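Architecture and fold: a report
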Amino acid sequence: MAQRVLLLKGALRKLKRDQNRNRSPTRSERIRQVQRQIRQIDTEFRQLTSDDLKKPVRVNGFSFPMSCEEDIERLELMVERNPSIREQFVNYLRRRKPFSESVEECFGYFFKDEAMLRYNWKGLDRNQCPRKAMMNYHIFTDCMMDAWVTHGVQKDVLQNELRKTVFKISRRRYSNKCARKKRSIDRSSNYGPKCDD
């Protein structure tokens, strides 16, 4: 099943790339067809694992996606101390991640970019901008592995996906910062003193 998803996703990327070059109604229909096949695989997987999507799943005391560092730290502490919370979190991860999506694609369901501001995979020990090591957190390693082992996610794949995710979050943050700075400069130049020649 995982191999089928990878093949379909590769075909979808190729179709979209070709579609961007020159539009074609048959190519658009083929894209919709591949997307339907991917959704069908998600449905089949849910049926195989007997997941009841109507039954709500939650983690007591937490709301997702998490939006601050303190919530992540609190969740990590509770997962370490309380097996019931750990089981709820693993079930939540398992239910929220569609089979056809990569960890990178679904990470936003669990953690907002702002919450991940002080984290990266290995951590950084700097005075100005320290980072906490995600590899030392159960919520990013053990819990995710337990939840997604049935999705075909392996330990090295999970690590690579989390590294890519953190990198993309930092790039988005950098891009947003540059855009804000540019808007600020544009605004200040519009309102600044004008010289008459």
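Below is a summary of the structure that appears in this document. (Residues numbered from 1 in each chain as written. Predicted model: local features only at pLDDT ≥ 70, side-chain atom pairs only at ≥ 80, totals over all residues. Heavy atoms only, no water.)

1. A word on the overall build of the chain
What counts is decided by this rule: Only DSSP runs of H or I with at least four residues qualify as helices, and only runs of E with at least two residues qualify as strands; both kinds are numbered from the N terminus onward. Type-normalised accessible area, obtained with a 1.4 Å probe on protein chains alone, sets the label of each residue: buried when under 20%, exposed when over 50%, and partly exposed for intermediate values. In what follows, residue pairs with any heavy atoms lying within 4.5 Å of each other are defined as contacts.
A count of helical and extended segments in the chain gives 7 helices and 2 strands. For the chain, the residues scored as buried account for 34% of the 197 residues in total. If you take every contact in the chain between residues at least 6 apart in sequence, the share linking residues at least 24 apart comes to 64%.

2. A look at a positive patch on the surface
Using the following cut-off: Without a salt bridge and with relative accessible area above 30%, a residue can belong to a patch; like charges are then joined within 9 Å and nonpolar side chains (Val, Leu, Ile, Met, Phe, Trp, Tyr) within 5 Å. All accessible-area figures derive from a Shrake-Rupley calculation using a 1.4 Å probe, and residue coverage is judged against the displayed protein chains alone. We define a salt bridge as a side-chain nitrogen of Lys or Arg found within 4 Å of a carboxyl oxygen belonging to Asp or Glu. His residues and chain termini do not enter the charge count, which takes Lys and Arg as positive and Asp and Glu as negative. Charge positions come from single atoms, namely NZ of Lys, CZ of Arg, CG of Asp or CD of Glu.
Together, K177, R180, K181 and R183 make up a positively charged patch on the protein surface. You can see R180 is positioned in helix α7 (residues 155–191). For R180, a relative accessible area of 47% gives the class partly exposed.

3. Quick word on the pattern of salt bridges
For the structure on display, the rule yields 7 salt bridges. Between R74 and D71 there is a salt bridge, and its shortest N-O distance comes to 3.7 Å. Highlighted residues: R74 and D71, both in helix α3 (residues 69–81), separated by 3 residues, approximately one helical turn. According to the relative accessible area criterion, D71 is partly exposed, its value standing at 21%. The salt bridge involving K164 is made with E161; its shortest N-O contact spans 3.9 Å. One end of the pair is K164 and the other is E161, both in helix α7 and 3 residues apart, which spans about a single turn. Through salt bridges with shared partners, a single network forms among E69, E73 and K132.

4. Considerations on helix α4 (residues 83–96)
The cut-off we apply is this: To estimate how far a helix should extend, the number of its residues minus one is multiplied by 1.5 Å. The term polar contact refers here to a pair of N or O atoms within 3.5 Å; inside protein, the definition further demands a hydrogen-donor-capable atom paired with an acceptor-capable atom, and it admits residues adjacent in sequence only when both atoms are side-chain atoms.
Taking 1.5 Å per residue, 14 residues should reach 20 Å; α4 reaches 20 Å between its end C-alpha atoms and fits that length. Within α4, the full set of buried residues consists of I85, Q88, F89, V90, Y92, L93 and R95. You can read the cap of α4 off the contacts: a side-chain oxygen lies 2.9 Å from the backbone nitrogen of S84, and it is on N82.

5. Regarding the side chain of T141
Here T141 lies in the loop between β2 (132–133) and α6 (142–148). Residues contacting T141, with those up to four places away along its chain left out, are W121, M134, M135 and L158.

6. Quick word on the side chain of E76
Positionally, E76 belongs in helix α3. Buried charge without a partner: E76 forms no salt bridge, and the closest opposite charge is R86, 8.8 Å away.

7. Examining unusual backbone geometry
The omega torsion of the bond from F64 to P65 falls at 0 degrees, within 30 degrees of zero and hence cis. Mapping P65 onto the fold places it in the loop between α2 (25–48) and α3.

8. A few points about the packing of aromatic side chains
Ring pairs (aromatic) are described by centroid distance and by the angle formed between their planes. Operational definition: Within 6.5 Å between ring centres, the rings of Phe, Tyr and Trp (the latter by its six-membered ring) count as paired, and their orientation is classed by plane angle as stacked under 30 degrees, edge-to-face over 60, tilted in between.
The full count for this structure, using the stated rule, is 11 aromatic pairs. With a centroid separation of 6.2 Å and 75 degrees between ring planes, the pair formed by Y109 and F110 is classed as edge-to-face. Judged by its relative accessible area of 0%, F110 is buried. Residues Y119 and Y137 carry aromatic rings whose centres are separated by 5.6 Å and whose planes lie at 80 degrees to one another, so their mutual orientation is edge-to-face. Placement of Y119 in strand β1 (residues 119–120) and of Y137 in the loop between β2 and α6 is noted, with a sequence separation of 18 residues between them. Given a relative accessible area of 10%, Y137 falls into the buried group.

Function cannot be inferred from these measures alone, as they are strictly geometric.
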